[in-house]
Amino acid sequence: MIELKAVAKSYGSVTALRTVDLSVGAGISGLLGPNGAGKTTLLRILATVLAPDTGSVHIGGWATSRPAERSEIRRRLGYMPQEPGFYRNFTVFEFVDYVAILKLITERRERHQEVRRVISLVDVTGVAHQKIRGLSGGMRRRLAFAQALLGQPDVLLLDEPTAGLDPEQRLRFREVISKLEPRPTIILSTHQTEDVAALCDGVIVLVAGGVKFDSTPESLASTARDRVWTSTEPEEAVISWRTGEGLFRHIADPPPESALVEPTIDDAYLLMAGRGAVVPA
Amino acid sequence: MTTQATASRGAVAALARVDGRKLLFSPIFLSGLVLSLVGVGIFVQTVRTDATATWRVDAWTVGAGSIILALLAMVAANRAGLRDWREETVDQHEALPLGTSMRLAGLLGGVAWPATVAMVPVALAAVWASTRLEVPPVTTIHVIQTGVLVLMLGALGLALASWIPSGFVAPVVAFAFYVVHPGEYEQAWHAAWPFSFMSTVSLASWHVVYLLGLTLILIVAADLRGSRGRGGLAALTVGVVAVTVSLAAILPNACVSPGNCLL
């Protein structure tokens with residue numbers, strides 16, 4: 001469905017992506033990586049907002065480099081950027097309706113029906129006729145998600161969609177994602193490994209502009225097998241922290257007779273991305 | 001691809017409806033409409049209280065009101081044109097199938113709404129005055145001219161938004177237009193001023209052609225990237241020809257002395 005071949009992108013002297021080869025099929029793929037790993041650049045390239053310096057990108061068989069094919073891709077694409085913008089003096093309904101027009105849903109009745117469907121999916125029907133400027137950050141995030149769902153896209157690109165959502169809203173988001181019919185190909189860029197564990201069929205780890213891992217969440221977790229242990233005292237490790245139970249959890253090659261524990265996706269990701277994966281709060 | 005083109009045309013029409021309504025109910029345009037109606041009100045009051053009142057001498061308040069309305073419509077159109085820049089939606093809208101040029105076409109279609117409404121106060125004043133005064137036939141063209149003026153200034157507002165993305169530029173340009181406005185037309189070139197209202201049907205019609213030509217040039221300027229093709233070149237050519245021919249018709253015949261123009 002999505003094919004990237006030797007895709008590279010730099011901003012001046014800063015390399016954002018270096019020779020990325022990737023093939024993403026149907027289902028939900030999580031995109032993990034520390035800040036600055038190139039996740040947003042990759043999603044912007046897939047969203048046809050940014051052209052790669054080199055390499056080729058095909059989505060559903062269409063090339064993003066060809067203008068006519070790019071239009072076809074855009075018709076089948078839903079994109080929720082990391083920092084979505086809104087027309088603050090529009091109401092929720094007006095804004096989603098406006099985006100629906102830009103998505104070429106031109107027949108008024110059909111469009112309004114579709115707008116009602118997506119705002120109901122993300123549970124903002126109650127504020128449909130409120131101005132966006134009066135909405136909370138969480139509400140706006142849901143609104144950004146709603147506009148991405150317009151027209152039942154074949155490909156859904158979500159850049160940190162759960163950032164700023166409370167736990168209940170995150171659960172609601174997972175519920176909506178998992179119930180989408182027909183099932184689109186979804187790339188979910190996130191710092192939340194719980195979202196990846198809960199939702200994703202596949203996971204891609206991007207570190208310093210390159211793909212470091214591309215398989216299933218279970219395989220990712222297994223890469224940290226025998227490398228996670230706990231102790232009652234601090235120890236040297238790649239990453240180490242004190243847990244809520246008062247134990248120290250360590251990720252590295254363990255010393256002999258360590259109390260090994262079952263690794264999580266979090267552990268494996270931290271091990272893979274190193275200290276760079278520890279995102280400052 | 002034909003389906004895409006048809007869908008794009010439908011989207012432009014839908015955008016024009018949405019943007020037209022938004023422009024019409026924008027506080028800036030509504031303020032202009034109120035001022036325009038105040039101009040009409042002053043004229044009505046003058047006619048009712050002054051037995052010597054005439055259309056030619058006393059309807060200047062109607063014209064002044066419509067000029068202010070047109071300038072405020074430009075500011076409103078400029079604000080609408082700056083929306084994506086101001087609200088930082090450029091990136092996410094770039095990922096949608098309707099391109100920048102088509103979105104601009106939709107906005108321009110939206111300007112047609114205030115342009116139509118701007119004609120109403122002038123038309124009302126003319127119809128009311130015709131029951132009491134002698135209103136020259138050229139007034140009908142002046143009504144159309146008001147609408148075209150709003151369309152032209154709307155296109156200017158959009159061109160400014162596209163070239164200088166700043167909320168300060170359009171209000172400054174509007175103010176400058178009003179301040180620099182020659183008022184009494186004593187030299188022929190003053191007829192090239194967008195606000196001049198000609199005294200004969202023929203001259204006023206040429207002035208409408210002139211304004212439409214300027215509108216086309218401004219549309220091309222507003223969307224230089226999208227206008228590089230044959231369509232853009234054709235629009236630019238038609239615009240330049242319309243401006244040249246209409247000026248050739250107007251300049252030798254208009255405004256060589258005060259009173260040749262309405263304002």
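Remember, it's a predicted structure, so these values are computed and weren't measured experimentally.

Colleague: I'm lost on the overall build of chain B in this one. Help?
Modeller: A count of helices and strands for chain B gives eleven helices and zero strands. Written out in order from the N terminus, the α and β elements of chain B read α-α-α-α-α-α-α-α-α-α-α. Here chain B has a C-alpha radius of gyration of 19 Å; the compact-globule value for 263 residues is 18 Å, and the two agree. For chain B, the residues scored as buried account for 49% of the 263 residues in total. Sequence separation of 24 or more characterises 83% of the internal contacts of chain B that already satisfy a separation of 6 or more.

Colleague: So what exactly am I meant to see when it comes to the overall build of chain A here?
Modeller: When helices and strands are counted, chain A shows nine helices and 14 strands. Rg of the C-alpha trace for chain A: 20 Å, near the compact-globule value of 19 Å for 281 residues, within the 12% margin. When the backbone C-alpha atoms are referred to their principal axes, chain A occupies close to 70 × 45 × 35 Å. Going through the 281 residues of chain A one by one, you find that 45% of them count as buried. Restricting the contact set of chain A to residue pairs at least 6 apart, pairs at least 24 apart contribute 66%.

Colleague: Sorry if this is basic, but what is going on with the sheet that holds strand β2 (residues 14-24) of chain A here?
Modeller: Strands in a sheet are paired, the pairing made by backbone hydrogen bonds, and the direction either parallel or antiparallel. Strand order in the open sheet made by the four strands is β2-β1-β4-β5 (chain A), with antiparallel pairing throughout. The open sheet has two edge strands with one neighbour each: β2 and β5 (62-63) of chain A.

Colleague: What exactly am I supposed to notice about the interface of chain A and chain B here?
Modeller: By a widespread convention, an interface's size corresponds to the accessible area lost as its parts come together. Chain A puts 22 residues into the contact, and the matching count from chain B is 21 residues. Mapped by element, the contributors of at least two residues to the side of chain A that touches chain B are α2 (67-75), β6 (77-80) and α3 (92-102) of chain A. Class assignment for the residues of the side of chain A that touches chain B results in 14 nonpolar, four polar and four charged.

Colleague: I would appreciate a short explanation of the packing of helix α2 (residues 27-49) of chain B against helix α4 (residues 60-81) of chain B in the present structure.
Modeller: Packed helix pairs are characterised by how far apart their axes lie and by the angle those axes make with each other. Residue and element names in this part refer to chain B. It is at 8 Å that the axes of α2 and α4 come closest, and there the two elements cross at 180 degrees. Taken together, the axes of α2 and α4 lie roughly antiparallel to each other. Contact with α2, carried on its side by Ile28, Phe29, Ser31, Gly32, Leu33, Leu35, Ser36, Val38, Gly39, Val40, Ile42 and Phe43, involves Thr61, Val62, Ala64, Gly65, Ser66, Ile68, Leu69, Leu72, Ala73, Val75, Ala76 and Arg79 of α4 and no other residues of that element.

Colleague: What's the story with the domain arrangement of chain A in this structure? I'm lost.
Modeller: Residue and element names in this part refer to chain A. Domain annotation of chain A identifies domain 1 (1-76 + 153-217), domain 2 (84-152) and domain 3 (223-276). The C-alpha centroid of domain 2 is placed 22 Å from the C-alpha centroid of domain 1. With 13 residues of domain 1 in contact, the opposing surface of domain 2 contributes eleven residues. Among the elements of the structure, β7 (155-159) and α6 (167-179) are those that each provide at least two residues to the side of domain 1 that touches domain 2.

Colleague: So what exactly am I meant to see when it comes to the sheet that holds strand β10 (residues 210-215) of chain A here?
Modeller: Residue and element names in this part refer to chain A. In space, the six strands of this open sheet follow the order β6-β7-β8-β3-β9-β10, with mixed pairing throughout. Bordering the open sheet on either side are β6 and β10, each of which pairs with just one other strand. Sheet twist, expressed as the average angle between the axes of neighbouring strands with direction ignored, equals 15 degrees. Note: strand β3 (residues 28-32) against strand β9 (residues 202-207), four bridges, orientation parallel. Bridge assignment links Ser29 to a residue of β9, and that residue is Gly202.

Colleague: Would you explain the pairing of strand β4 (residues 54-59) of chain A in this entry?
Modeller: Regular strands place their side chains on alternate faces of the sheet. Residue and element names in this part refer to chain A. Here strand β1 (residues 2-11) pairs with β4 via five bridges, running antiparallel. Looking at the pairing, Ala8 lines up with Thr54 of β4. In terms of strand pairing, β4 meets β5 through two bridges, oriented antiparallel. Bridge pairing links Ile59 to Trp62 in β5. Counting the residues between successive antiparallel strands, the hairpin from β4 to β5 contains two residues, one of them, Gly60, with a positive phi of roughly 60 degrees.

Colleague: Mind showing me how you'd approach the nonpolar core here?
Modeller: The nonpolar side chains of soluble globular proteins are, as a tendency, buried together. Counting 160 residues, the largest nonpolar core has Val96 and Leu157 of chain A together with Ala70, Ala73, Met74, Met152 and Ala155 of chain B as its most contacted members. Looking at which element gives the most residues to this core, the answer is helix α7 (residues 100-130) of chain B, with 15 residues. Beyond its immediate stretch of four places on either side in the chain, Met152 of chain B contacts Pro194, Leu211, Leu214, Thr215 and Leu218 of chain B.

Colleague: Explanation requested: the pairing of β2 of chain A in the structure shown.
Modeller: All names here are of chain A. Bridge count between β1 and β2: seven bridges; the pairing is antiparallel. Bridging across to β2, Glu3 finds its partner in Ser23. Here β1 folds back onto β2, and the loop between the two strands holds two residues, one of which, Gly12, carries a positive phi near 65 degrees.

Colleague: Which parts of the structure should I look at to understand unusual backbone geometry?
Modeller: Across residues other than glycine, the phi torsion is negative in most instances, and most of the peptide bonds are trans. Of the consecutive residues Glu181 of chain A and Pro182 of chain A, the connecting peptide bond is found in the cis state with omega at -5 degrees. Note that Pro182 of chain A resides in the loop between α6 and β8 (185-189). At Asp226 of chain A, a residue that is not glycine, the phi angle is positive and equals roughly 65 degrees. Note on Asp226 of chain A: 11 C-beta atoms within 10 Å, which makes it exposed. The phi dihedral of Glu88 of chain B falls on the positive side, at around 55 degrees, and the residue is not glycine. Mapped onto the secondary structure, Glu88 of chain B falls in the loop between α5 (83-87) and α6 (90-94). When the 13 C-beta atoms within 10 Å are taken as the criterion, Glu88 of chain B is described as partly exposed.

Criteria and thresholds
Residues numbered from 1 in each chain as written. Chains lettered and ligands numbered in written order. Predicted model: local features only at pLDDT ≥ 70, side-chain atom pairs only at ≥ 80, totals over all residues. Helix = DSSP H or I, 4+ residues; strand = E, 2+ residues; numbered from the N terminus. Rg over C-alpha atoms; globule rule 2.2 N^0.38 Å. Buried ≥ 20, exposed ≤ 12 C-beta atoms within 10 Å, placed from the backbone. Contact = placed C-beta atoms within 7 Å. Pairing = 2+ DSSP bridges. Nonpolar A, V, L, I, M, F, W, Y, C, P; charged D, E, K, R; others polar. Axes fitted to C-alpha atoms, helices over the stretch in contact; angles between N-to-C directions. Parallel < 35°, antiparallel > 145°, perpendicular 65-115°, else oblique. Domains from an automatic or database assignment. Core = buried A, V, L, I, M, F, W, Y, C linked by C-beta atoms within 7 Å.

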